Structure formats: C-alpha cells, structure tokens
Amino acid sequence: MYSSNQITTVHLEITTKCNASCPMCLRTVLGGKINPHLPLTELKLADIETIFPATFVQQLKRIYLCGNYGDPIVATDTLEVLRYFRRLNPQLRLELFTNGSARNEQWWHDVAQVVTLCHFGIDGLEDTNHIYRRGTKWTILMRNIQAYIAAGGAAHWDYLVFRHNEHQVEPARELSQKLGFRSFQLKKTGRFFSNQKAVVKDQQEVHSAEGELEYFLEMPLDPKYLNPSLAREEALVHEYGSLRAYLEKTRVTCKVAAEKSVYVSGEGLVFPCCWTANQLYPWYREPESGDIWALVKQLPNGLRSLDARQSSLCEIVDGPFFQKLIPAGWERPTFASGKIFACAKTCGQEFDPFRAQFT
Ligand SMILES: C[S@@+](CC[C@H](N)C(=O)[O-])C[C@H]1O[C@@H](n2cnc3c(N)ncnc32)[C@H](O)[C@@H]1O
Ligand code: SF4
Ligand code: SF4
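Rules behind the numbers
Residues numbered from 1 in each chain as written. Chains lettered and ligands numbered in written order. Predicted model: local features only at pLDDT ≥ 70, side-chain atom pairs only at ≥ 80, totals over all residues. Heavy atoms only, no water. Helix = DSSP H or I, 4+ residues; strand = E, 2+ residues; numbered from the N terminus. Rg over C-alpha atoms; globule rule 2.2 N^0.38 Å. Buried < 20%, exposed > 50% of the residue type's maximum accessible area, 1.4 Å probe, protein only. Contact = heavy atoms within 4.5 Å. Areas by Shrake-Rupley, 256 points an atom, 1.4 Å probe, with all protein chains shown as cover. Near = heavy atom within 4 Å. 1 Å grid on protein atoms, 1.4 Å probe; cavity = no way out; pocket = protein on both sides within 12 Å on 5 of 7 lines; lining within 4 Å. Sits in = over half its atoms within 2 Å of the grid points. Nonpolar A, V, L, I, M, F, W, Y, C, P; charged D, E, K, R; others polar. Pairing = 2+ DSSP bridges. Polar contact = N/O pair within 3.5 Å; in protein donor to acceptor, adjacent residues only side chain to side chain. Expected span 1.5 Å × (residues − 1). Axes fitted to C-alpha atoms, helices over the stretch in contact; angles between N-to-C directions. Left-handed = near helix turned anticlockwise from the far one by under 90°. Points joined across faces, edges and corners; volume = space filled by probe spheres on them.

Peer 1: Explain the overall build of the protein residue by residue, including any values.
Peer 2: Helix and strand counts for the protein come out as 16 helices and 12 strands. What you see for the protein is a C-alpha radius of gyration of 20 Å, in line with the 21 Å of a compact globule of 359 residues. Counting only C-alpha atoms and orienting by the principal axes, one finds that the protein spans roughly 55 × 50 × 35 Å. Burial status across the protein gives 58% buried among its 359 residues. Sequence-distant contacts, at least 24 apart, represent 74% of the contacts inside the protein between residues at least 6 apart. Summed over all atoms, the accessible surface of the protein reaches about 15200 Å², with 51% contributed by carbon and sulfur.

Peer 1: Mind laying out the site of ligand 3, listing which residues take part and the relevant values?
Peer 2: Around ligand 3 sit 13 residues, and of these Cys 254, Cys 273, Trp 330, Cys 343 and Cys 347 come closest. Mapping ligand 3 onto the cavity grids shows that it belongs to the largest cavity. If you tally residues by element for the shell around ligand 3, the top one is helix α15 (residues 341-347), at 4 residues. The residue makeup of the shell around ligand 3, split by class, is 10 nonpolar, 2 polar and 1 charged.

Peer 1: Explain the sheet that holds strand β11 (residues 261-264) to me, and be specific about the residues and the numbers.
Peer 2: Spatial ordering of the open sheet is given by β6-β5-β4-β3-β2-β1-β11-β12, a layout of 8 strands whose pairing is mixed. Two strands close off the open sheet at either side, each with one partner strand: β6 (183-187) and β12 (270-271). Relative to strand β2 (residues 62-65), strand β1 (residues 9-12) is paired through 4 bridges, and the arrangement is parallel. Its bridge partner being in β2, Leu 12 is matched across the sheet by Leu 65.

Peer 1: Give a detailed account of the environment of Asp 307, specifying residues and quantitative values.
Peer 2: Along the chain, the position of Asp 307 falls in the loop between α12 (291-296) and α13 (313-317). Within the structure, the side chain of Asp 307 is placed 2.9 Å from the side chain of Arg 304, a separation counted as a polar contact.

Peer 1: Which residues make up the site of ligand 1, and what values do they have?
Peer 2: Taken together, the neighbourhood of ligand 1 is formed by 15 residues, with Asp 71, Tyr 132, Arg 133, Thr 189 and Gln 357 sitting nearest. With respect to ligand 1, the side chain of Asp 71 contributes an N or O atom lying 3.0 Å from a nitrogen atom. A distance of 3.3 Å is found between an oxygen atom of ligand 1 and a backbone nitrogen or oxygen belonging to Thr 98. Split into classes, the residues belonging to the shell around ligand 1 amount to 5 nonpolar, 6 polar and 4 charged.

Peer 1: Describe unusual backbone geometry, with residues and values.
Peer 2: Even without being a glycine, Ala 198 presents a positive backbone phi close to 55°. When you line up the elements, Ala 198 lands in the loop between β7 (193-194) and β8 (199-200). The residue Lys 260 is not glycine, and still its phi comes out positive at about 55°.

Peer 1: I'd like a rundown of the side chain of Thr 98, residues and numbers included.
Peer 2: Examined against the element boundaries, Thr 98 turns out to sit in strand β3 (residues 93-98). One polar contact links Thr 98 to Asp 71, side chain to side chain, over a distance of 2.9 Å. From its side chain, Thr 98 meets the backbone nitrogen of Gly 100 in a polar contact 2.8 Å long. With sequence-adjacent residues up to four places away left out, Thr 98 is seen in contact with Asp 71, Ile 73, Trp 108, Cys 118, His 119, Phe 120 and Gly 121.

Peer 1: Before we move on, could you go through helix α6 (residues 138-150) and cite the residues and values that matter?
Peer 2: Residues three or four positions apart in an α-helix share a direction because the helix packs 3.6 residues into each turn. Spanning 13 residues, α6 covers 18 Å between terminal C-alpha atoms, matching the ideal 18 Å at 1.5 Å per step. When we look at burial in α6, the residues that qualify are Trp 138, Leu 141, Met 142, Asn 144, Ile 145, Ala 147, Tyr 148 and Ile 149. Immediately downstream of α6, the backbone of Gly 152 shows phi near 100°, a positive value.

Peer 1: Now, about the packing of helix α4 (residues 105-112) against α6: what can you tell me, with residues and values included?
Peer 2: Where α4 contacts α6, the two axes come as close as 8 Å, and the packing angle between them is 40°. Crossing handedness for the pair α4 and α6: right-handed. Each of Glu 105, Trp 108, His 109, Val 111 and Ala 112 in α4 lies in contact with α6, whose residues at this interface are Arg 143, Asn 144, Ala 147 and Tyr 148. Grouping the amino acids of the contact of α4 with α6 by side-chain chemistry returns 5 nonpolar, 2 polar and 2 charged.

Peer 1: Account for the pairing of strand β10 (residues 213-218), with residues named and values stated.
Peer 2: Of the pairings in the sheet, the one linking strand β9 (residues 203-207) to β10 comprises 5 bridges and is antiparallel in character. Each residue of the ladder has a partner; that of Glu 205, found in β10, is Phe 216. What sits between the antiparallel neighbours β9 and β10 is a turn of 5 residues, in which Gly 211 has the positive phi angle 85°.

Peer 1: I'd like a description of empty space enclosed by the protein, backed by residues and values.
Peer 2: Applying the stated criterion across every chain yields a total of 3 cavities of 30 Å³ or more. In this structure, the largest cavity spans a volume of roughly 100 Å³. Forming the walls of the largest cavity are 15 residues, and the residues nearest its centre are Cys 254, Cys 273, Thr 276, Cys 343 and Cys 347. It is α15 that provides the largest number of residues to the lining of the largest cavity, a total of 4 residues. For the lining of the largest cavity, the per-class residue count stands at 12 nonpolar, 2 polar and 1 charged. Of the voids in this model, the second largest cavity is the one considered here, and its volume is about 60 Å³. In this structure, the second largest cavity is lined by 14 residues; those nearest its centre are Glu 13, Tyr 69, Ser 265, Glu 267 and Tyr 281.

Shown next, in the form of structure tokens:
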C-alpha cells in the first residue's frame, strides 16, 4: 500500500461520542438510540502523545479531526491535542469537522488560534438544520461560529442537501457570507444507499430514542442536487445485471494509497481509511461479522494488533493488515472469495458516491 515513512496525512477520530444524532451516521440507529455495538470512547492527550511521537508528527503535512462516529468538539482534550500537534509542527494543516453546537465561546476563541480550518456541517437554517443534525441547537451554533470567526478562525460551511432544505441553499450561502465563512460547499449525500442490499434508496427512516418511526429523510427533488453516482444505478444495473455484480467486477484504486493517508479511530486503532474502519461497528449486522472482521481475525492479536497504544503506528502500517490483507482484498474476483465490499464501493471505477457528493 505505502510504507509508514511515506505518510503525509492523518484522519483522526478523537472520540466516538457526539452531542448530536444524525440519522445517516452509524453512531445511532437511524437517528434514535445509540448504536449498541459501538464503544463510546475518546483519546486523551497522553494517548495522542503515545500514538503520535514527535518524529512522526514532523513528517506530516495535514491532520484532520473528523471520524466515523463522533464529533471532535466533544472530546475532553481536543484543544490540548491540537496545541500538541501545532507545537511539534508549526507548518501542519490542522482541520476540524464538526456540527459546531457544543462548547463555549472561550473554547472556540482558543481553537481559532491553533487550527488552519474548521468545517462546519450545517444542513439548513434555523428551522431545518436540526431535522438532520438532530440534537443541535441553532443559537449555540451561531454563537460559537461568531466567536470562532471573530477570533480570526477560518471557517468552511458544508451543506448536505435533502428535500426538506433544498429551498434554503441560496439563503444559507448568503448567510455564510454575512457571517464571514471563507467557503460554502453543497454536499449531495451518497448515503441514500443500502449496503446490505447494494441498492439505492430514495428515502430513509428516522427513529426516536425508543426505536419508533418519527419521519423520513428524502432525496432532493431538484435533479441538480442528486448525487450523480447514485443516479447511475439504472445504467449500471442495465450493463452488469445488478449493482452488486458491478461492484464485484470493478477494479479498485485505493484513494488513501494515492494520498498517503492513514486513519486512527477513537479506540486508537489504525486503519487505511474511515470507510474500512466504519465496518467494525455497523448496527445492522451481527457483532464482529463481515469482511473487515474476517481480515482482523487473521491478525495475531485480532483487533489489538491494530491498536497504536500497544504497537507503534508505523509498525502497524508496515505490518500484514496494510501490506497484505487489505491489498489482497482488492484483487479477489468475488465477495464470497474475499473482495472487500467497502473498497469496491468507495474506490471502484464507475460508481463513486463519495466523490460525487462534491460535483
Ligand atoms: C461522522 S462525521 C464526524 C465529524 C463531525 N461529527 C461532523 O459531523 O462534522 C464525518 C463526516 O460525515 C459527514 N456526514 C454526516 N452525515 C452525512 C451524510 N448523510 N452524507 C454525507 N456526509 C455526512 C459529516 O458532516 C462529517 O463531515
Ligand atoms: S454530528 Fe457528526 S458524529 Fe455527530 S451524529 Fe452527526 S455525523 Fe455523526
Ligand atoms: S476503501 Fe479500501 S480501497 Fe478505498 S481507500 Fe479505503 S482501503 Fe483504500
């Protein structure tokens, strides 16, 4: 894949905890109760110092705090961790991805002194943002953004478009300019997709904490807001027979091998990317099942072989999971013989719902 001394980018999930419950995020079951398989945990400054020694931080160009299951503003030591990275590498690009709706103004003022860019996920305006960003509060979000931007912080707005907020794209863009955001990006989510059935779905259920249906999220009506990859389903089914058949055939070109990037989870586990790591705890499958677990179970100490608090990050990257097991999973001819589903879906040739979000 790559060797550890070539890595230039780290995607860090500092915690699996969050103040929100977005319905397409695997941390909850459809926006309701917390994913029962998920360990709720966070990395403390001492863990970060162990996982990221000075020599490694100094070889990097970019660290971004994002993740699969949590929000970096919720972890206790995020500010101290950012300062640690900054002290070791003053040139480093340091970025945060957040819903923005936690912490006080002082914290946001302090964060502005250390990060290069903060990406706020804001999917609508005051009357709609909470429909996807469940549990967030608009007044807290606006207060935090103003404190961060007033303190000199560079801010970017990511806007996921749904049917319930497609009419607010232009007013939101105007608000972003008024507030002093540097940029505004529409995201056409690729998550109207069933991984279990390998089919596109045009709506998704949203559940309460008690597991009851509350409402549906729907795709936007305006075709210009539809994810162009999901819109290719019919053509691919016509050509290959089914989307699964296409995914089984497609050649895999690993995105993170090209960008020399590595993922560290809230448990300190080292994976190539968030897409393979998020196969550890999907709520809709039996615990410890699926193709990624099948690979993990081949390691001498299972999941612990990937724990960067027990072996060094560099040893893990230069070891069998990265160098043999994952790359072998790109070459297999069928899912039954070990082709990795997440790799075919994320890094195949003709269907790339992740990249298509930004087009
Ligand atoms: C699990 S979140 C972690 C970071 C942070 N909690 C946040 O939401 O920004 C990872 C990324 O997924 C994005 N995300 C959440 N729901 C999404 C969806 N339905 N489609 C595409 N991206 C989504 C978030 O905006 C964020 O950029
Ligand atoms: S804010 Fe981020 S981590 Fe939290 S529920 Fe939403 S997508 Fe998931
Ligand atoms: S999903 Fe697979 S192929 Fe794509 S970046 Fe991750 S490891 Fe590489």
